[in-house]
Amino acid sequence: MNDSDVQITAQEALDFHSQGRPGKIEIVATKPMATQRDLSLAYSPGVAVPVQAIYDDPATAYDYTAKGNLVAVISNGTAILGMGNLGALASKPVMEGKAVLFKRFADVDSIDIEVKTEDAQRFIDAVELLEPTFGGINLEDIAAPDCFIIEQTLKERMNIPVFHDDQHGTAIIAAAGLINACELTGRSLKDIKIVCNGAGAAAIACTELIKAMGVPHDNVIMCDRSGVIYQGRTEGMDQWKSAHAAKTTARNLAEAIVGADVFLGLSAANALSADMVKSMAPEPIIFAMANPDPEISPPVARAARPDAIIATGRSDFPNQVNNVLCFPFLFRGALDVRATTINEPMKIAASHALAQLARETVPEEVAAAYGGMMHKFGRDYIIPSPFDPRLMEIVASAVAKAAMDSGVAQKPIADMNAYRASLRARQNPTTSVLTQVYEAARAKPKRVIFAEAEEDVVLRAAVQFKQDGYGVPVLIGRDARVTEKLIGLGANPDEYEIHNSVQSPLVEKMVDRLYNRLQRRGYLRRDIQRMVNRDRNIFGALLLQMDQADAMITGVTRTFGQTLRELRRVLDAKKDATPFGIHVMVGKTHTVFIADTTVNERPSAEELAHIAEKTAGVARRMGHVPRVAFLSFSTFGNPAGNWLNNIRDAVAILDARRPDFEYEGDMPPDVALNPALMKNYPFCRLSGPANVLVMPGLQSANLSAKLLRELGGDQVIGPMLLGIERQVQVATMASSTSDLVTLAVLAAAGVTE
Ligand SMILES: NC(=O)C1=CN([C@@H]2O[C@H](COP(=O)(O)OP(=O)(O)OC[C@H]3O[C@@H](n4cnc5c(N)ncnc54)[C@H](OP(=O)(O)O)[C@@H]3O)[C@@H](O)[C@H]2O)C=CC1
Ligand SMILES: CC(=O)C(=O)O
Ligand SMILES: [Mg+2]
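Quick notes on the rules
- Residues numbered from 1 in each chain as written.
- Chains lettered and ligands numbered in written order.
- Predicted model: local features only at pLDDT ≥ 70, side-chain atom pairs only at ≥ 80, totals over all residues.
- Heavy atoms only, no water.
- UniProt positions renumbered as here; feature names shortened; annotations may be inferred.
- Helix = DSSP H or I, 4+ residues; strand = E, 2+ residues; numbered from the N terminus.
- Buried < 20%, exposed > 50% of the residue type's maximum accessible area, 1.4 Å probe, protein only.
- Contact = heavy atoms within 4.5 Å.
- Polar contact = N/O pair within 3.5 Å; in protein donor to acceptor, adjacent residues only side chain to side chain.
- Donors = N, O, S within 2.8 Å, 3.2 Å for Na, K, Ca; no water.
- Near = heavy atom within 4 Å.
- Areas by Shrake-Rupley, 256 points an atom, 1.4 Å probe, with all protein chains shown as cover.
- Nonpolar A, V, L, I, M, F, W, Y, C, P; charged D, E, K, R; others polar.
- Domains from an automatic or database assignment.
- Pairing = 2+ DSSP bridges.
- Axes fitted to C-alpha atoms, helices over the stretch in contact; angles between N-to-C directions.
- Right-handed = clockwise from strand over helix to strand, strands pointing away.
- Phe/Tyr/Trp six-rings, centres within 6.5 Å; stacked < 30°, edge-to-face > 60°.
- Lys NZ or Arg CZ within 6 Å of the ring centre and 35° of its normal.

### Some points on the UniProt feature "binding site: NADP(+)" (unreviewed entry) in the protein chain
- The UniProt record marks Ile-80, Leu-81, Gly-82, Met-83, Gly-84, Asn-85, Leu-86 and Gly-87 with the feature "binding site: NADP(+)" (unreviewed entry), using the residue numbering of this structure.
- Positionally, Asn-85 belongs in the loop between strand E1 (70-75) and helix H5 (92-106).
- A residue is classified by how much of its surface remains accessible, and Asn-85, at 41% relative accessible area, is partly exposed.
- Filtering out sequence-adjacent residues up to four positions away, Asn-85 remains in contact with Gly-77, Thr-78 and Glu-118.
- Of the polar contacts made by the side chain of Asn-85, one reaches the backbone nitrogen of Gly-87; its length is 3.3 Å.
- Setting aside chain neighbours within four positions, we find Gly-87 in contact with Asn-76, Gly-77 and Ile-80.

So this is what it looks like as structure tokens:
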């Protein structure tokens, strides 16, 4: 990799793959396997029944097995990314990677299969025999020209979709990006002059698709390692290259690219020089798509041509033209209509859906998560981000519809709107929002104080926070101790800012400031001096108040209550705010915000209403349309109780304020969360299950949150602290490194404001 671009080290990549269970995949059972009865149903004798049913009617395999949602990612490792032929075994990390992307982005179950042969016929035979197992086949990183023969033959022989992603996935994305880049530069596909570097799987398919979309044959010059593929060339040719041979006198890339509008790179790292870029037409379009390193690094291309639109296959530069934007959603749509194949109309539908999506306004809840850094169609946003939560619904439904219209859907969808809603429900918006929050933090790195930096878990979080580019950690601790621990973690202490509360030059100013604040509350100046020197929470809070940082994380070494008391000696509540806490439970498809889980033992009606409003705001910033339930043991007054008035008054306060979210109460959690139970109360004003639960008191809130954290399968974020004049977050003593990093990022990105 180019040094200037490095975001991760080689060691980090190896550690990522080896930590915990080696690799990136495990198989999880979808049915309970707890009792003898479960085993009898799952295996012998019960399993014999679906066996017979499938024998009698093969289509029922989709009802009784995982086939319908299962895709194989299959390679022989002959063209691993742009690294070349490194063999089947070495391709396994990439194939496992594709399999987990299928799951992450489109809830498609996927398994990698590496086949040890470079003989196309043996490969074809091996894959063909797998048809009963899978709902679809994603061929990957197989070199041209064998990939063309392999895909074509398997498509003919198999009755499930077979798709070589490097060919068509790449072509779909590149075409979508090209359509938008042409739109932005006022070009028409009919007129543009394109040079495609590379004449392999990806390059041939991209060229074919863009020609099918209207780029004239004579406007494309293709190059391979031997230079331009011109009419009459004999060396290193095959029938697929010949089909794109150009009538030209240019013989190498440097000659071919003079005056070209578009460079499509599907070849290898550093194949394009700055001088070549300089010779292109005004406002050149440069898609340097080789992985992991592009044909030219974007800063070099930008320096050569400030007027260029630049895209790469990488996630760490704008405009990621990478097939990850396509294959999960394309297969989602194909599987959902049980398509027999993936045909041209389905590919073109995906390409247009992607191009169109980039032009549409980002929805409010997505925009909010970007913290003001909203993506807007333009030169640095010609294609959606893979984390755009709309991709699944838009692309999969376009593909499903095209499959139906072109007659390859075995199970057409009757109600497209219901299908689109089901696609939305497959994803939890929090997952994509969290990803976006991380990206927003990376885009505007903030200074975050880690007050307990001598603690291993905290220091690890600070190092990760910095290494992942989320911001600048400001460490509090004794220099020698923190330095020694940083070295132990493999970090360079010179890159970290350490503040020692005994020796800091800021101490005198801090003491003045705090003495001024506390002198009439019974503190002597020497008490204050001791507090500042000895108490890291007080020292950290003062650093924050003196604008030395944007946010602070603490709480690992003391109880929540004690930590908060220390902080409050320095920091006030926000004007007109009640400090309180939120725990967020993030499940596979749902998120629930619970408040107040940390501060107010018996909140008043006014406080409950305030907590509801602020928690609704956090829910919205995390991608949800808030629906607030005020929880109680009582359901709309039954049974009656002494404690109900607060809750009912809180609802009345909101009635008067008319907030822009749904709220209702009093009700117990089962009514709030279970639509079937909620139906018994037709007057209930919630339009669906609640996702913000305002608890009646700290006892119930804190105990519920802790029970859920210990027993539940959901990921728990928090507690988040709201309502303090500065961004300070108090973690729990049981926090892990990743809990602390998440809190630091949420605080830095302003989600907890
Ligand atoms: N961004 C994305 O989503 C994707 C990117 N890619 C990238 O595209 C590249 C090619 O992949 P793929 O098509 O699968 O591989 P193939 O092995 O099928 O094709 C590679 C092609 O690149 C050519 N090539 C290699 N080095 C050079 C060079 N220095 N100058 C000119 N041509 C060169 C080869 O030329 P010859 O024919 O003479 O051997 C061959 O035509 C890889 O870097 C891959 O990472 C691929 C898929 C998706
Ligand atoms: C992205 C991809 O498939 C490749 O580079 O091969
Ligand atoms: Mg690939």
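Okay, back to it.
### A few points about the coordination of the magnesium ion (ligand 3)
- For the magnesium ion (ligand 3), the full set of protein donor atoms is Glu-140 (OE), Asp-141 (OD) and Asp-166 (OD), at a range of 2.0 to 2.1 Å.
- The sequence motif formed by the donor residues of the magnesium ion (ligand 3) is E-D-x24-D. Taken as a pair, Asp-141 in the loop between strand E3 (136-139) and helix H7 (146-157) and Asp-166 in helix H8 (residues 165-184) lie far apart in primary sequence, 25 residues in all.
- For Asp-141, a relative accessible area of 1% translates into the label buried.
- Relative accessible area serves as the criterion here: at 15%, Asp-166 is assigned to the buried category.

### Overview of the site of ligand 1
- Ala-199, Ala-202, Arg-225, Lys-241 and Asn-323 are the nearest of the 26 residues found near ligand 1.
- Backbone polar atom of Ala-199 to an oxygen atom of ligand 1: 2.9 Å apart, as the coordinates give it.
- Here a nitrogen atom of ligand 1 and a backbone polar atom of Val-321 are 3.0 Å apart.
- Protein coverage of the free-state accessible area of ligand 1, which is 920 Å², stands at 85%.
- Contributions of two or more residues to the shell around ligand 1 are made by H8 and helix H9 (201-212).
- Of the residues belonging to the shell around ligand 1, the class tally is 12 nonpolar, 10 polar and four charged.
- Each of domain 1 (3-164) and domain 2 (188-320) accounts for three or more of the residues forming the shell around ligand 1.

### Overview of the environment of Leu-644
- Within the secondary structure, Leu-644 is located in helix H27 (residues 644-657).
- For Leu-644, a relative accessible area of 4% corresponds to the buried category.
- Remark: the alpha-carbon pair of Leu-644 and Lys-614, spanning 30 residues in sequence, is separated by 22 Å.

### Focus on the sheet that holds strand E14 (residues 551-554)
- Read across the open sheet, the five strands follow the order E13-E12-E11-E14-E21; overall the sheet is parallel. Only two strands of the sheet have a single partner each, and these edge strands are strand E13 (497-499) and strand E21 (727-730). In this sheet, adjacent strand axes meet at a mean angle of 25 degrees when their direction is disregarded.
- Here strand E11 (residues 446-450) pairs with E14 via three bridges, running parallel. Pairing of Phe-450 across the sheet is with Ile-553, part of E14.
- Contacts from helix H20 (residues 456-467) reach E11 and strand E12 (471-476) within the one sheet, and its direction differs from that of E12 by about 155 degrees.
- Seen against the sheet, helix H21 (residues 479-488) touches E12 and E13 and runs at an angle of roughly 145 degrees to E13.

### Overview of the pairing of E1
- Summarising burial for E1: six of the six residues are buried, a large majority.
- Residues of E1 alternate between two faces, with Leu-70, Ala-72 and Ile-74 on one and Val-71, Val-73 and Ser-75 on the opposite face, all of them buried.
- In this structure, E1 lies alongside strand E2 (residues 109-114), joined through six bridges in parallel fashion. From the neighbouring strand, Val-73 faces E2, where its bridge partner is Asp-112.
- Between the parallel pair E1 and E2, the chain is carried across by H5, and the sense of this crossover is right-handed.
- As paired elements, E1 and E3 share four bridges and run parallel to each other. Within E3, the position partnered with Val-73 by the bridge is Asn-138.

### Quick word on the site of ligand 2
- Taken together, Leu-81, Lys-98, Glu-140, Asp-141, Asp-166, Asn-291, Asn-322 and Asn-323 form the complete shell of residues around ligand 2.
- Within the side chain of Lys-98, an N or O atom sits 3.1 Å from an oxygen atom of ligand 2.
- Interatomic distance of 3.0 Å between a side-chain N/O atom of Glu-140 and an oxygen atom of ligand 2.
- In the complex, 85% of the free accessible area of ligand 2, which totals 220 Å², lies under the protein chains.
- A class-by-class count of the residues in the shell around ligand 2 yields one nonpolar, three polar and four charged.

### Considerations on the sheet that holds strand E4 (residues 162-164)
- Read from one edge of the open sheet, four strands run E2-E1-E3-E4, paired in parallel fashion. The open sheet has two free edges, formed respectively by E2 and E4, since each of these has just one partner strand. Averaged over all pairs of adjacent strands, the angle between strand axes in this sheet comes to 20 degrees, irrespective of strand direction.
- Examined bridge by bridge, E3 and E4 share three bridges and lie parallel to one another. Directly across from Leu-139, in E4, lies its bridge partner His-164.

### Overview of the side chain of Asp-596
- Inspection of the secondary structure puts Asp-596 in the loop between strand E16 (591-595) and helix H26 (605-621).
- Looking at Asp-596, its side chain comes within polar contact range of the main-chain nitrogen of Gly-581, at 2.9 Å.
- Looking at Asp-596, its side chain comes within polar contact range of the main-chain nitrogen of Asn-600, at 2.7 Å.
- Ignoring sequence-local partners within four residues, the contact set of Asp-596 consists of Phe-580, Gly-581, Ile-611, Leu-698 and Ala-701.

### Observations regarding the side chain of Asp-336
- Residue position: Asp-336 is located in helix H14 (residues 327-336).
- Dropping the residues within four chain positions of it, Asp-336 is found in contact with Lys-411, Tyr-419, Leu-423 and Arg-426.

### Looking at the UniProt feature "domain: Malic enzyme N-terminal" (unreviewed entry) in the protein chain
- Per the UniProt record, "domain: Malic enzyme N-terminal" (unreviewed entry) is annotated on residues 22-155.
- Between the end C-alpha atoms of residues 22-155 the distance is 34 Å, and the span holds 40% helix and 12% strand.

### Concerning the pairing of E14
- A two-sided burial pattern is seen for E14, the buried positions comprising Ala-551 and Ile-553 on one face and Met-552 and Thr-554 on the other.
- Here E14 pairs with E21 via four bridges, running parallel. Across the sheet, residue Ala-551 finds its bridge partner in E21, namely Gln-727.

### A word on the packing of aromatic side chains
- Within this structure, the stated rule accounts for 12 aromatic pairs.
- With centroids separated by 6.1 Å and ring planes inclined at 55 degrees, the aromatic side chains of Phe-465 and Tyr-470 adopt a geometry described as tilted. Across the pair, Tyr-470 and Phe-465 agree in class, each one buried.
- An aromatic cluster is present here, built from Phe-102, Phe-163, Phe-327 and Phe-331 joined pairwise through their rings.
- Lying across the ring of Tyr-230, Arg-251 places its NZ or CZ 3.6 Å from the centre.
- Positioned over the ring face of Tyr-496 is Lys-466, at 5.5 Å from the centre of the ring.

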